[in-house]
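# Results of the structural survey
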Amino acid sequence: MSLSGALNNAVSGMLASQRQVEVTSGNISNAQTEGFTTKRAPTTTQVLDGRAAGTLVSDITREGNEFIQRELRNEQSGLENAQAKSDVFKRIQDLFGTLDDDSAITNTLGDLKTRFEELGTEPGNTANRQQVVRQAESVARQLNNLSQQTQELREQADADIETAVQTVNDQLQNLQNLNQQIANADNSGDPSANLKDKRDQALQEISQKLEVQTFKRDNGAVSVFTNDGQPLLNA
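What follows deals with the confidence of the model for the chain. When pLDDT is averaged along the chain, the result is 82; 83% of the residues meet or exceed 70. Per-element confidence in the chain ranges from a low mean pLDDT of 64 for strand β3 (residues 51-57) to a high of 94 for strand β7 (residues 231-233).

As structure tokens, then:
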């Protein structure tokens, strides 16, 4: 091997090692970053004219199983949907109360029924009449309060839906841009691992708001569909 060849091998090895150190440093500094995956910088032997001509980093790769990630997003979609329903049901239950709660509307109505029954047995009893009036006023106030709080709950649900739709639309646009950026990077031979992390994070944001299915095309782009097959992003 000539001196220049030996120097080229040494320099390429140093550059490859430097690149691996940079990747390892990035793994450490981003260990707690949401959506970040561990990166690897595998090396290959560079061959020129049939001879070894140094070492180079072939590509920056990501650790992780795409199938597991996709299934995790699908399961998370169902979990988020169930959690949202549970939160609404709990708020409704808090409004109407439970049977062991004396202030629950069912118990208040039951008390009114009892007052009417007492009045029915003694129609001329002034005290019974006053109790019926007071209990009826209490029921009316409670029903008015329930109506107001139910309306507020409906308005909050509408606002939450509007926010979720906006989030999904924003992330779909982000996903479309990332698909293009990843394709450009892959075509030019530039690293795309970090861009793919961002794309996974965008998919994660979408799956937290909507139950979706994702498919990776042959060109590497990711498409997003609703569970009934309606396309949200057909890459």
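Still more ground to cover, so stick around.
One pair of aromatic rings is described through two measures. These are the centre distance and the angle between the planes. By the definition in use, this model includes one aromatic pair. Centroid distance Phe 215 to Phe 225: 5.7 Å. Interplanar angle 70°. Geometry classified as edge-to-face. Highlighted residues: Phe 215 in strand β5 (residues 212-216) and Phe 225 in strand β6 (residues 222-226), separated in sequence by 10 residues. The class of Phe 215 is partly exposed, set by a relative accessible area of 45%.

Once that is clear, we can look at helix α2 (residues 66-96). Its 31 residues give α2 an end-to-end C-alpha distance of 45 Å, which sits within 8% of 45 Å, the value for a rise of 1.5 Å per residue. Listing the buried residues of α2 in full gives Arg 73, Asn 74, Gln 76, Ser 77 and Leu 95. Against the buried residues of α2 lie α4 (126-188), α5 (193-209) and β5. Two residues or fewer past α2, Gly 97 is found with a positive phi of approximately 80°.

Attention now goes to the nonpolar core. One finds Val 168, Leu 172, Leu 175, Ala 202, Leu 203, Ile 206, Val 212, Val 222, Val 224 and Leu 233 forming the largest nonpolar core, which totals 10 residues. Of all the secondary structure elements, the ones that give two or more residues to this core are α4, α5 and β6. Sequence-distant contacts of Val 222, defined by excluding residues within four places in its chain, comprise Asn 179, Arg 199, Leu 203, Thr 214, Phe 215, Lys 216, Leu 233 and Ala 235.

On to the packing of helix α3 (residues 105-121) against α4. The contact between α3 and α4 brings their axes to 9 Å, and the two run at 160°. Put simply, α3 runs roughly antiparallel to α4. Classified by chirality, the crossing of α4 by α3 is left-handed. Each of Ile 105, Thr 108, Leu 109, Asp 111, Leu 112, Arg 115, Phe 116, Glu 118 and Leu 119 in α3 lies in contact with α4, whose residues at this interface are Asn 128, Arg 129, Gln 131, Val 132, Gln 135, Ala 136, Ser 138, Val 139, Gln 142, Leu 143 and Leu 146. Taken together, the residues that form the contact of α3 with α4 break down as 10 nonpolar, six polar and four charged.

Turning to the pattern of salt bridges, a few remarks are in order. Summed over the entire model, instances satisfying the criterion amount to three salt bridges. A salt bridge links Asp 94 to Lys 90; its shortest N-O distance comes to 3.2 Å. Of this pair, Asp 94 and Lys 90 both sit in helix α2, four residues apart, which is roughly one turn of the helix. With relative accessibility at 53%, the residue Asp 94 sits in the exposed group.

Further remarks concern the packing of α4 against α5. At a closest axis distance of 9 Å, the pairing of α4 and α5 adopts a crossing angle of 160°. Between α4 and α5, the angle falls in the class roughly antiparallel. With respect to the hand of their crossing, α4 and α5 are arranged in left-handed fashion. In terms of residue class, the contact of α4 with α5 is made up of 11 nonpolar, five polar and six charged.

A word on the sheet that holds β5. Read from one edge to the other, the open sheet built from three strands follows the order β5-β6-β7, with strand pairing classed as antiparallel. The sheet is open, and its two borders are formed by β5 and β7, each paired with just one other strand. Put simply, the sheet's adjacent strands are angled 30° from each other on average, direction ignored. Two strands pair when backbone bridges link them, and β6 and β7 are joined in this way by two bridges, in the antiparallel orientation. By the bridge assignment, Val 224 is partnered in β7 with Leu 233. Sheet contacts for α4: β6 and β7; angle to β7, the most-contacted strand, approximately 60°.

Conventions used here
Residues numbered from 1 in each chain as written. Predicted model: local features only at pLDDT ≥ 70, side-chain atom pairs only at ≥ 80, totals over all residues. Heavy atoms only, no water. pLDDT = per-residue confidence, 0-100. Helix = DSSP H or I, 4+ residues; strand = E, 2+ residues; numbered from the N terminus. Phe/Tyr/Trp six-rings, centres within 6.5 Å; stacked < 30°, edge-to-face > 60°. Buried < 20%, exposed > 50% of the residue type's maximum accessible area, 1.4 Å probe, protein only. Expected span 1.5 Å × (residues − 1). Contact = heavy atoms within 4.5 Å. Core = buried A, V, L, I, M, F, W, Y, C linked by side-chain atoms within 4.5 Å. Axes fitted to C-alpha atoms, helices over the stretch in contact; angles between N-to-C directions. Parallel < 35°, antiparallel > 145°, perpendicular 65-115°, else oblique. Left-handed = near helix turned anticlockwise from the far one by under 90°. Nonpolar A, V, L, I, M, F, W, Y, C, P; charged D, E, K, R; others polar. Salt bridge = Lys/Arg side-chain N within 4 Å of Asp/Glu carboxyl O. Pairing = 2+ DSSP bridges.

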